[in-house]
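# Structure assessment
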There are 2 protein chains.
Amino acid sequence: MVESSPYQHQRNIPEPALRRLPWYLAYIKLMKKQGESYVSSTQIAKKINVSPTQIAKDLSYVNISGKTRVGYEIDQLIDVLEEFLGFRFVHKAVLFGVGSLGAALLADSGLEQYGLKILAGFDIRDEIVNTKINNIPIYHTDEFIEKNQKTIKAEIGVLTVPADIAQQTADYLIEGGIRGIWNFTPFRIRVPEDIVLQNTSIYAHLAVMFNRLKQLPK
Amino acid sequence: MVESSPYQHQRNIPEPALRRLPWYLAYIKLMKKQGESYVSSTQIAKKINVSPTQIAKDLSYVNISGKTRVGYEIDQLIDVLEEFLGFRFVHKAVLFGVGSLGAALLADSGLEQYGLKILAGFDIRDEIVNTKINNIPIYHTDEFIEKNQKTIKAEIGVLTVPADIAQQTADYLIEGGIRGIWNFTPFRIRVPEDIVLQNTSIYAHLAVMFNRLKQLPK
């Protein structure tokens, strides 16, 4: 039986492997810029601090094969990785909570290069509703469900509201058809099993860095 | 022998515990807002999806003790956690690479509320050097070492340069006296042992979310 999806095999990629793929991608893009055409897992390993065996295993989840002695063809590996990681497909998103971090993310056009297209922001504050940031319109939160079902049709919700309304906002996003929540709040929201939740608590990362800095010898 | 530092004990907190503390902080701040005065680890556990035993153990690293039956005093726990996590101390930082994400982080005044004060941005592009974002001055990269040693005296460097110059920029930051690097690039930079490195690759998080979304039943 022939598989119709070329990505059938990726269903099984473990998360740690998936998280390492962008590192390889960043490094081989650098090599390409330096004029290289081929790269071996041993070369990547030297720079990335991951064993060549692990790299070869991680890359076995994507649809590419290296050649003995020369390794992977760089252009092809970049194509395959970007495709595999979803960076070349447009994922429609909305953002909730146009405060300091939310406004910053709307202004970051880098996200679109990585496949996340934020089509609208939502907030409740009069001074921000019906304005635009980086040409992205901001609407009132109350308009979300109707707008998302009729026109926006976003699948991803970026959550940058105050932590104390994170859970109720997440519930509301799901009610409006969102299937994946990118949670930037430090609040541990809960979602049903069929909803994807990605936590990116940059303030927790800050705390770890502060703590380690304190432990350095002066 | 009496310990001079009240935070002597925190040297031993494991990173997973440290990463959970901001979740507890966010939740008890919400409880405070709802008018509560005391919280037990069982109550936190119900909301956060971490066992009460784990929470009690995590909180044993910070300088607080709960009372039988009533639990922890909320105001005190907030104070102790914010202090412990370093959110109440000003950590001086500089930011390298005032592109899309870099400019967004300069504009995010939320970071300062969590103890990170970015005093200057650095870039090489004429159109941005000698401008300001959110009242933070942007200087030419070449000026960094002198400025940091004489006036800025930052300990933390936020790295938002293009991935292909991440390593050389990190080396330069360290040369200028930076002891902690917050790496937002997808590049796996390497640093000496006495330098703290915190990787926050938001694009890797995106890749994980995209991948999981693809696996959802339609």
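About the cut-offs
- Residues numbered from 1 in each chain as written.
- Chains lettered and ligands numbered in written order.
- Predicted model: local features only at pLDDT ≥ 70, side-chain atom pairs only at ≥ 80, totals over all residues.
- Heavy atoms only, no water.
- Helix = DSSP H or I, 4+ residues; strand = E, 2+ residues; numbered from the N terminus.
- Buried < 20%, exposed > 50% of the residue type's maximum accessible area, 1.4 Å probe, protein only.
- Contact = heavy atoms within 4.5 Å.
- Pairing = 2+ DSSP bridges.
- Axes fitted to C-alpha atoms, helices over the stretch in contact; angles between N-to-C directions.
- Domains from an automatic or database assignment.
- Phe/Tyr/Trp six-rings, centres within 6.5 Å; stacked < 30°, edge-to-face > 60°.
- Lys NZ or Arg CZ within 6 Å of the ring centre and 35° of its normal.
- Least-squares fit on C-alpha atoms with pLDDT ≥ 70 in both.
- Left-handed = near helix turned anticlockwise from the far one by under 90°.
- Nonpolar A, V, L, I, M, F, W, Y, C, P; charged D, E, K, R; others polar.
- Right-handed = clockwise from strand over helix to strand, strands pointing away.

All right, on to the side chain of Asn183(A) then. Residues and elements named next belong to chain A. Among the structural elements, Asn 183 can be located in strand S8 (residues 180–183). By relative accessible area, which is 0% here, Asn 183 ends up buried. Leaving out residues up to four positions away in the same chain, Asn 183 has contacts with Leu 159, Ile 189, Leu 197, Gln 198, Asn 199 and Thr 200.

Residues and elements named next belong to chain A. What the seven strands build is an open sheet, ordered S5-S6-S4-S3-S7-S8-S9; its pairing is mixed. For this open sheet the edge positions go to strand S5 (132–133) and strand S9 (196–199), each flanked by a neighbour on one side alone. Pairing of strand S3 (residues 91–96) with strand S7 (residues 156–159) involves four bridges; the strand directions are parallel. Note that in S7 the partner of Val 94 across the bridge is Gly 157.

In this section: the pairing of strand S3 (residues 91–96) of chain B. Residues and elements named next belong to chain B. Of all six residues in S3, five are buried, a share of seventy percent or more. Sheet topology places S3 next to strand S4 (residues 116–123); six bridges connect them, and they run parallel. From the neighbouring strand, Leu 95 faces S4, where its bridge partner is Gly 121.

If you walk across this open sheet you meet the seven strands as S5-S6-S4-S3-S7-S8-S9 (chain B), and the pairing is mixed. On the outer flanks of this sheet lie strand S5 (132–133) and strand S9 (196–199) of chain B, each paired with one strand and no other. As defined by bridge partners, strand S7 (residues 156–159) of chain B adjoins strand S8 (residues 180–183) of chain B across four bridges and the pair is classed as parallel. Counted as the bridge partner of Gly157(B) is Ile181(B) from S8(B). Of the strands in this sheet, S3, S4, S7, S8 and S9 of chain B touch helix H9 (residues 202–215) of chain A, which is tilted by about 170° from S9(B).

In this section: the domain arrangement of chain A. What the domain assignment reports for chain A is domain 1 (7–85) and domain 2 (91–205). If you average the C-alpha positions of domain 1 of chain A and of domain 2 of chain A, the two centres end up 32 Å apart.

Another point: the packing of aromatic side chains. The final tally for this structure, using the stated rule, is 20 aromatic pairs over all chains. The interplanar angle of 45° and the centroid separation of 5.8 Å between the aromatic rings of Phe122(A) and Tyr139(A) together place this pair among those described as tilted. Taken together, the residues Phe122(A) in strand S4 (residues 116–123) and Tyr139(A) in strand S6 (residues 136–140) connect sequence positions 17 residues apart. With centroids separated by 3.9 Å and ring planes inclined at 5°, the aromatic side chains of Tyr203(A) and Tyr114(B) adopt a geometry described as stacked. Residue Tyr203(A) is found in helix H9, and its partner Tyr114(B) is found in the loop between helix H6 (110–113) and S4; the two belong to separate chains. Residue classification places Tyr203(A) among the buried positions, given a relative accessible area of 8%. On the basis of relative accessible area, Tyr114(B) is assigned to the buried category, the value being 17%. A network of ring pairs unites the aromatic residues Phe96(A), Phe122(A), Tyr139(A), Phe144(A) and Tyr172(A) as a single cluster. In this structure, Arg188(A) packs its charged tip against the face of Trp23(B), placed 3.7 Å from the ring centre.

Let us look at the side chain of Ser201(B). You can see Ser201(B) is positioned in the loop between S9 and helix H9 (202–215). Every residue in contact with Ser201(B), bar those within four places of it in the chain, is listed here: Phe184(B), Thr185(B) and Pro186(B).

Time to look at the relation of the copies chain A and chain B. Aligned on chain B, chain A shows an RMSD of 0.0 Å; the corresponding rotation is 180° and the shift along the axis is 0.0 Å. Seen this way, the second copy is the image of the first under a two-fold rotation axis. Judged by C-alpha distance, Ala104(A) is the residue of chain A that lies nearest the rotation axis, at 2.1 Å. Most of the interface of chain A is mirrored in chain B: 99% of its interface residues are interface residues there too.

As a further point, take the packing of helix H1 (residues 15–33) of chain B against helix H4 (residues 74–84) of chain B. All names here are of chain B. Where H1 contacts H4, the two axes come as close as 10 Å, and the packing angle between them is 145°. In the crossing of H1 with H4, the sense of the turn from one axis to the other is left-handed. From H1, Leu 18, Leu 21, Tyr 24, Leu 25, Ile 28, Lys 29, Met 31 and Lys 32 reach across to H4, where they touch Ile 74, Asp 75, Leu 77, Ile 78, Leu 81, Glu 82 and Phe 84. Across the contact of H1 with H4, the residue classes break down as 11 nonpolar, no polar and four charged.

Bringing the pairing of S7(B) into the picture now. Side chains of S7(B) alternate between two faces, with Ile156(B) and Val158(B) and Gly157(B) and Leu159(B) buried alike. Chirality of the crossover, the property in question, places the unit of S7(B), helix H8 (residues 166–175) of chain B and S8(B) among those that are right-handed.

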